[in-house]
Amino acid sequence: MVRGSSVSIKRVGLTIGTNEIMAGIDLDIRAGEFVCLLGPSGCGKSTLLNAIAGFQDVAGEILVDGKPVKGPGLDRGVVFQSSEALFPWLSVRENVEYGLKLRRVDAAERRSAAERYVSLVGLKHAIDKFPGELSGGMRQRAQIARVLVNEPSVVLMDEPFGALDAQTREVLQSELDRIWKSTGCTIVFVTHDIWEAILLADRVVTMTAGPRASIKVIEKIELPHPRDPADPACMALYARIRDDIGAEVTRVLRAQGLIEEELVK
Amino acid sequence: MTQLTQTTNPAENQPAAFVNPSSQRKRMKEMRPFFISVVAIVGGLLLWQLASMYTSPLFLPSVSLTWAAALELISDGTLQQSILASSGRILAGWGAGVLIGVPLGIFMGRFELVRQLLDPYIEFFRFIPPIAFVTLAVIWLGPGELSKIALIFYTTVFIVTLNTIAGVQAVIPLRLRAASSLGASQWQILTTVILPSTVPFMVTGARIAMGNSFLTVVSAEIVSAREGLGALIWTARNFSRTEWVFVGIVTLGLLGYLFDRVLRIATKKLLKRYL
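Caption draft 1: View of the overall build of chain B. Assigned secondary structure in chain B consists of 10 helices and zero strands. Its helices and strands taken in sequence order, chain B reads α-α-α-α-α-α-α-α-α-α from the N to the C terminus. Against the globule reference of 19 Å for 275 residues, chain B gives a C-alpha radius of gyration of 27 Å, more extended than a compact globule. Principal axes of the C-alpha set define a box for chain B whose edges measure 95 × 70 × 30 Å. Within chain B, buried positions represent 31% of all 275 residues. Of all intrachain contacts in chain B linking residues separated by at least 6 positions in sequence, the fraction that spans at least 24 positions is 74%.

Here's what the structure looks like:
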């Protein structure tokens, strides 16, 4: 069990050339909290995640456990949307052991840690397979194990289930819920799937569409886990978030001139 | 009822009888490309033999005359010695070229400054064929082994370097991010992500370079060597033995094919997970 770290985002913005991608983002994430960043595509939610990961320099300040982020670090694990992030020349076991090997953890300890986390994500039976031999869902499990084995206090997930089919996605969502509770880490999870956010998050942060993307609304969800989409409270929440995002999507479409085109037709 | 049993029975019994022909047919299908190649080779030899019957052996020696010449050159040990001499030079020069070309390509691909420093030279020299350097190589390195090995090294190193650079630049950026977030330093990213990702490109470069090494070794040996397949082809002139030229040419082709096969099988076995 790891202790989660707090993440605090202060006046964060990003300007590339004359394009203001995002601006004035303030968000405090509690240690051990599960926060979903939700918004239409191009709203900068992945950019914000990359900033926390240390891949992207931004204006303002990002503190993890009170310390400013300067580049990528082991305290923050990243699960990418594309399973191309796995190393195809390494087996699942070797992929998971990768981080430990870099830190020269001895072989026996590495082996048992890898097996523990591969079991946690339910991939024990495929531990010696190569990524190319696995389905999309299994590869994302492998990615999650590879990150968790380093026991990061913050796990950053960039639409990790976005490329999966609906059934696999549902299974992995409920497993992530279980894994999150068993590890105690902080999770920042980017998605554009409203149901996914409602099922998983303590708080859902809805972002406005870019340019000058920022936080639109923060919904606190205090329903018990596992959550049921048929629960009226979930339904009401869904309708509210959908309207918030719907407004943003309409704004984007109008800016792109797509709504007028539809009307003309 | 009887009609039914009559129609179903043979059908049920047949699979056992059918297994053999169908698996045989499958094997025939697999062997097809091989048979076609054999037919092509035998046909080519027949054409060669036919054409040689209408010309003088000095112009075009027949298949049988070439075969006899090969046996003659084998019996006095010339052919074996030539093969060994040429192979040795190729392996030494090619091996050194791969050993230098790979790290050079990695560094040039990864570090902008190294690439910018060396790029003008790479771009300049890659248009100059090794034959252009034969005379210089002999003047600088002497008529011995070193000059020939250096020329093969020269021809190899460019191809391997350029291919490796292309490989480094084709590394999926997501994997670099993943590695750095898993705690890899810049040096560790180089050795654990970039190097393995680049292997298919290195292998391609090494294989093309092997072909070019054969081209280079012949020209180098023609200019200055007492032994080797190039030398054999060249000295045949002094004895008016065109069939020796043919023996040399056929041996070069077969040797090249063999080297490429060995290289392919070895890389497939040893580097399987990276390909």
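Caption draft 2: How the structure looks around the overall build of chain A. Scanning chain A for helices and strands turns up eight helices and 10 strands. Here chain A has a C-alpha radius of gyration of 19 Å; the compact-globule value for 265 residues is 18 Å, and the two agree. Referenced to the eigenvectors of the C-alpha coordinate spread, the extents of chain A come out at roughly 65 × 40 × 35 Å. Sorting the 265 residues of chain A into buried and exposed places 45% on the buried side. For chain A, the share of sequence-separated contacts (at least 6 apart) that also reach a separation of at least 24 residues comes to 70%.

Caption draft 3: Summary view of the domain arrangement of chain A. Residue and element names in this part refer to chain A. Under the domain assignment used here, chain A contains domain 1 (1-75 + 155-164 + 182-265) and domain 2 (83-151). Relative placement of domain 1 and domain 2: their C-alpha centres are 27 Å apart. Among the residues making up the side of domain 1 that touches domain 2, the classes are represented as seven nonpolar, one polar and no charged.

Caption draft 4: Structural view of the interface of chain A and chain B. Taken residue by residue, the interface counts 18 residues in chain A and 14 residues in chain B. Those elements that provide at least two residues to the side of chain A that touches chain B are strand 6 (76-79) and helix 2 (92-102) of chain A. The residue makeup of the side of chain A that touches chain B, split by class, is 11 nonpolar, four polar and three charged.

Caption draft 5: Region of interest: unusual backbone geometry. Residue and element names in this part refer to chain A. For the bond from H225 to P226, the omega torsion is -10 degrees, close enough to zero to count as cis. If you trace the backbone, P226 turns up in the loop between strand 10 (215-220) and helix 7 (232-255). For R11, which is not a glycine, the phi torsion comes out positive at approximately 45 degrees. Within the secondary structure, R11 is located in strand 1 (residues 7-16). When the 12 C-beta atoms within 10 Å are taken as the criterion, R11 is described as exposed. In this model, R104 sits at a positive phi of 60 degrees, which is unusual for a non-glycine residue. Residue R104 is classed as exposed on the basis of its 7 C-beta neighbours within 10 Å.

Caption draft 6: The domain arrangement of chain B, seen in detail. Domain parsing of chain B yields domain 1 (1-54) and domain 2 (63-274). Placing a centre on the C-alpha atoms of domain 1 of chain B and another on those of domain 2 of chain B gives a separation of 41 Å.

Caption draft 7: Highlighting the nonpolar core. Core analysis: the biggest nonpolar cluster contains 82 residues, and C36, L37, I52, A145, V188 and F189 of chain A have the highest contact counts within it. With six residues, helix 4 (residues 136-148) of chain A is the single largest residue contributor to this core. Excluding anything up to four places from it in sequence, C36 of chain A contacts F189, T191, A197, L200, A201, V204 and V205 of chain A. Judged by nonpolar contacts, the second largest core, of 43 residues, contains V102, I152, L162 and L229 of chain B.

Caption draft 8: Representation of the environment of G132 of chain A within the structure. Residues and elements named next belong to chain A. Here G132 shows up in the loop between helix 3 (107-120) and helix 4. Look at G132 and you get exposed, because 10 C-beta atoms sit within 10 Å. Sequence separation between G132 and P88 is 44 residues, and the spatial gap between their C-alpha atoms is 6.5 Å.

Caption draft 9: Just the packing of helix 4 of chain A against helix 5 (residues 166-183) of chain A, in detail. All names here are of chain A. Where helix 4 meets helix 5, the closest approach of the two axes is 11 Å, and the angle between their N-to-C directions is 15 degrees. Overall, the two elements helix 4 and helix 5 adopt an arrangement that is roughly parallel. Judged by the sense of rotation from one axis to the other, the crossing of helix 4 with helix 5 is right-handed. Across from G136, G137, Q140 and L148 in helix 4, the residues of helix 5 making contact are T168, L172 and T183. Within the contact of helix 4 with helix 5, the residues separate by chemical class into two nonpolar, five polar and no charged.

Caption draft 10: How the structure looks around helix 7 (residues 173-181) of chain B. Among all positions of helix 7 of chain B, only R175, A178, A179, S180 and S181 of chain B are buried. Those residues of helix 7 of chain B hidden inside the fold are in contact with helix 1 (45-53) and strand 6 of chain A together with helix 8 (186-223) of chain B. Where helix 7 of chain B terminates, the next one or two residues include G183 of chain B, which has phi positive at roughly 100 degrees.

Caption draft 11: Structural view of the sheet that holds strand 1 of chain A. Residue and element names in this part refer to chain A. If you walk across this open sheet you meet the four strands as 2-1-4-5, and the pairing is antiparallel. The open sheet has two edge strands, strand 2 (19-29) and strand 5 (67-68), and neither has a second partner. Two elements, strand 1 and strand 2, share seven bridges in a ladder whose sense is antiparallel. The partner of I9 across the bridge, within strand 2, is L27. On the sheet, helix 1 packs against strand 1, strand 2 and strand 4 (59-64) and is oriented at approximately 65 degrees with respect to strand 2.

Caption draft 12: Broad picture of the sheet that holds strand 3 (residues 34-38) of chain A. Residues and elements named next belong to chain A. Pairing within the open sheet is mixed, and its six strands lie in the order 6-7-8-3-9-10. The open sheet has two edge strands, strand 6 and strand 10, and neither has a second partner. Put simply, the sheet's adjacent strands are angled 15 degrees from each other on average, direction ignored. Sheet topology note: the strand 9 (residues 203-207)/strand 10 ladder contains five bridges and is antiparallel. Across the sheet, T206 pairs through a bridge with V217, a residue of strand 10.

What counts and what doesn't
Residues numbered from 1 in each chain as written. Chains lettered and ligands numbered in written order. Predicted model: local features only at pLDDT ≥ 70, side-chain atom pairs only at ≥ 80, totals over all residues. Helix = DSSP H or I, 4+ residues; strand = E, 2+ residues; numbered from the N terminus. Rg over C-alpha atoms; globule rule 2.2 N^0.38 Å. Buried ≥ 20, exposed ≤ 12 C-beta atoms within 10 Å, placed from the backbone. Contact = placed C-beta atoms within 7 Å. Domains from an automatic or database assignment. Nonpolar A, V, L, I, M, F, W, Y, C, P; charged D, E, K, R; others polar. Core = buried A, V, L, I, M, F, W, Y, C linked by C-beta atoms within 7 Å. Axes fitted to C-alpha atoms, helices over the stretch in contact; angles between N-to-C directions. Parallel < 35°, antiparallel > 145°, perpendicular 65-115°, else oblique. Left-handed = near helix turned anticlockwise from the far one by under 90°. Pairing = 2+ DSSP bridges.

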